[in-house]
Amino acid sequence: MIKKFGLLLLTLSLVLAFAAPYTASAQDDTKVFYWISHGSPADPVWTYFLDGAEQWSADTGIEVRTSFHSGDVPSHQEAFRAAIAAGAAGIVTSTPDPGSLNEVIAEAHAAGIPVIIINTEDADSGRDAYVGGDNIEIGRRWAQYLVDNGFVSEGSFVWMPVEVPGATYQALETEGIASVFDPLGIEYEVTDATLDQAEIITRMSDYLTANQDKIDAIIGLGDLVTGSIARVFDQVGVAPGDIPVVGWGNSPETAQEVLDGYVNAAMWQDPQATSYMGLSLALMASSGIPPGFDIIVGTLYEADSAEIYLNIMQGG
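Residues numbered from 1 in each chain as written. Predicted model: local features only at pLDDT ≥ 70, side-chain atom pairs only at ≥ 80, totals over all residues. Heavy atoms only, no water.

Looking at unusual backbone geometry
Keep this limit in mind: Numbered from the N terminus, helices here are DSSP runs of H or I no shorter than four residues, and strands are runs of E no shorter than two. The buried label applies to any residue whose accessible area, calculated with a 1.4 Å probe on protein chains only, is under 20% of its type's maximum; exposed applies above 50%, and partly exposed to all values in between.
The phi torsion at Asn-119 lies on the positive side, around 80°, for a residue other than glycine. By the secondary structure assignment, Asn-119 is in strand E4 (residues 115-119). Judged by its relative accessible area of 11%, Asn-119 falls in the buried class. The phi dihedral of Thr-194 falls on the positive side, at around 70°, and the residue is not glycine. Here Thr-194 lies in the loop between strand E7 (187-192) and helix H7 (197-211). Taking relative accessible area as the criterion, Thr-194 reaches 15% and is therefore assigned buried.

A word on the pattern of salt bridges
The test is simple: Any carboxyl oxygen of Asp or Glu within 4 Å of a side-chain nitrogen of Lys or Arg constitutes a salt bridge here.
Under the criterion given, the structure shown has eight salt bridges. The partner of Arg-65 in a salt bridge is Glu-63, and the shortest N-O contact between them spans 2.8 Å. With a relative accessible area of 37%, Arg-65 lands in the partly exposed category. The class of Glu-63 is partly exposed, set by a relative accessible area of 37%. Between Glu-103 and Arg-81 there is a salt bridge, with the nearest N and O atoms lying 3.3 Å from each other. Note that Glu-103 is positioned in helix H4 (residues 102-110) and Arg-81 in helix H3 (residues 73-85), a separation of 22 residues in sequence. Overall, Glu-103 belongs to the exposed group, its relative accessible area being 55%.

Focus on the sheet that holds strand E2 (residues 63-68)
This is how it is decided: DSSP calls a pair of strands paired once it identifies at least 2 bridges connecting them. The contact definition used throughout considers only heavy atoms, calling two residues in contact when any of these lie within 4.5 Å. In this analysis, axes come from line fits to C-alpha atoms, helices being fitted only over the stretch in contact, and the angle between any two N-to-C directions falls in the range 0 to 180 degrees.
What the six strands build is an open sheet, ordered E2-E1-E3-E4-E5-E11; its pairing is parallel. Every other strand in the sheet has two partners, leaving E2 and strand E11 (295-296) as the edge strands with one partner each. In this fold helix H11 (residues 271-286) packs onto strand E1 (32-37), E2, strand E3 (90-93), E4, strand E5 (129-132) and E11, with an angle of close to 170° to the strand it touches most, E4.

Side note on the sheet that holds strand E10 (residues 265-268)
Spatial ordering of the open sheet is given by E7-E6-E8-E9-E10-E12, a layout of six strands whose pairing is mixed. This sheet does not close on itself; its edge strands, each paired only once, are E7 and strand E12 (299-301). For this sheet, the mean inter-axis angle between neighbouring strands, taken without regard to orientation, is 20°. Where strand E6 (residues 157-162) and E7 come together, six bridges link them in parallel fashion. Its bridge partner being in E7, Pro-161 is matched across the sheet by Thr-191. Set on the sheet, H7 makes contact with E6 and E7; between it and E6 the angle comes to about 165°.

A few points about the nonpolar core
Rules: We call a set of buried residues a nonpolar core when its members are Ala, Val, Leu, Ile, Met, Phe, Trp, Tyr or Cys and they connect through side-chain atoms within 4.5 Å of each other.
Membership of the largest hydrophobic core comes to 30 residues, with the highest contact counts inside it found for Phe-233 and Tyr-301. At the level of secondary structure, the elements contributing two or more residues to this core comprise E6, H7, helix H9 (229-236), helix H10 (252-260), E10 and helix H12 (306-313). For this core, the leading source of residues is H7, giving five residues. Here Phe-233 is in contact with Leu-208, Ile-218, Val-238, Ala-239, Ile-243, Val-245 and Tyr-262, once residues within four sequence places are set aside. Core analysis: the second largest hydrophobic core is formed by 21 residues, Trp-46, Ile-116, Ile-118 and Ala-282 among them.

A word on the packing of aromatic side chains
Heads up, the condition is: Pairing of aromatic side chains here covers Phe, Tyr and the six-membered ring of Trp, requires ring centres within 6.5 Å, and sorts the geometry by plane angle: under 30 degrees stacked, over 60 edge-to-face, intermediate tilted.
Scanning all chains against the criterion turns up 12 aromatic pairs. With centroids separated by 5.7 Å and ring planes inclined at 80°, the aromatic side chains of Phe-33 and Trp-56 adopt a geometry described as edge-to-face. Highlighted residues: Phe-33 in strand E1 and Trp-56 in helix H2 (residues 44-60), separated in sequence by 23 residues. Under the relative-accessibility criterion, Phe-33 is labelled buried at 0%. For Trp-56, a relative accessible area of 1% corresponds to the buried category. When the ring of Trp-35 is compared with that of Trp-46, the centres are 6.0 Å apart and the planes differ by 70°; the resulting orientation is edge-to-face. Taken as a pair, Trp-35 in strand E1 and Trp-46 in helix H2 lie far apart in primary sequence, 11 residues in all. Each member of the pair, Trp-35 as well as Trp-46, is classed as buried. Here the aromatic cluster, defined as three or more aromatic residues joined through ring pairs, consists of Trp-35, Trp-46, Phe-49 and Phe-68.

Read these as spatial facts, not as claims about activity.
Right under this line is the structure:
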């Protein structure tokens, strides 16, 4: 009996001796990715981006650590450096402002960590790849949609409300719009609607009341302004369809406006897919396959397909 017990102990010792190094090696090889957003966790659009990151983690079984920084650049940079210090396998990030992450991206690369930028491009940042929309092209598509459908022509006036005048997204979208409108002699104006929902409705209603007779079409340069069109039209007394509207479509409010005829066409940013593909590129790069390409997303939908995107945004 004692001999059998001794043999059992010897066997267990050998098993543990071989198993211990293997377990440690497996732990060393575990990859953790970081997903860092400049957005706010209260912003509905960014909850869709987060959904994509969480779905990728669930599908792959790989840990993804996420954080939001609400436009706070120092906080965003600090999260970046924390990811580097923790030995991140890869970092997927949005950009608060052009150039704001150049230094930390260089630090990540010095540590052998790939960086994928999502949402808004910063081509001079040194990033490994970009997944997201081309805001210049998106602006061009909105303008071309209005022209192709006969809503505007030479001498027309287009109102373009935005939450943050001068922000990168507004500047790039307006550049694309101008490339279509300027040669055709179509006039346009960007106005400040702010980021406060109640203030947005007040400012848009006031502008529409004062300028309704000269407005031939509207381009909503942000989700909050486009998602407020129905409430503004109802408040001012404009019937759905009386003024053609295009713009962003990443909110249930806008998708419903498309179905109800307040908005003619809206741009879906593919936020879940953006995060999912961004993390996939980061994983690929961490395995030694460099991404030599970017992925451009963006779907312009009308009433015939708005239900699809409404269901996605409502969790269907």
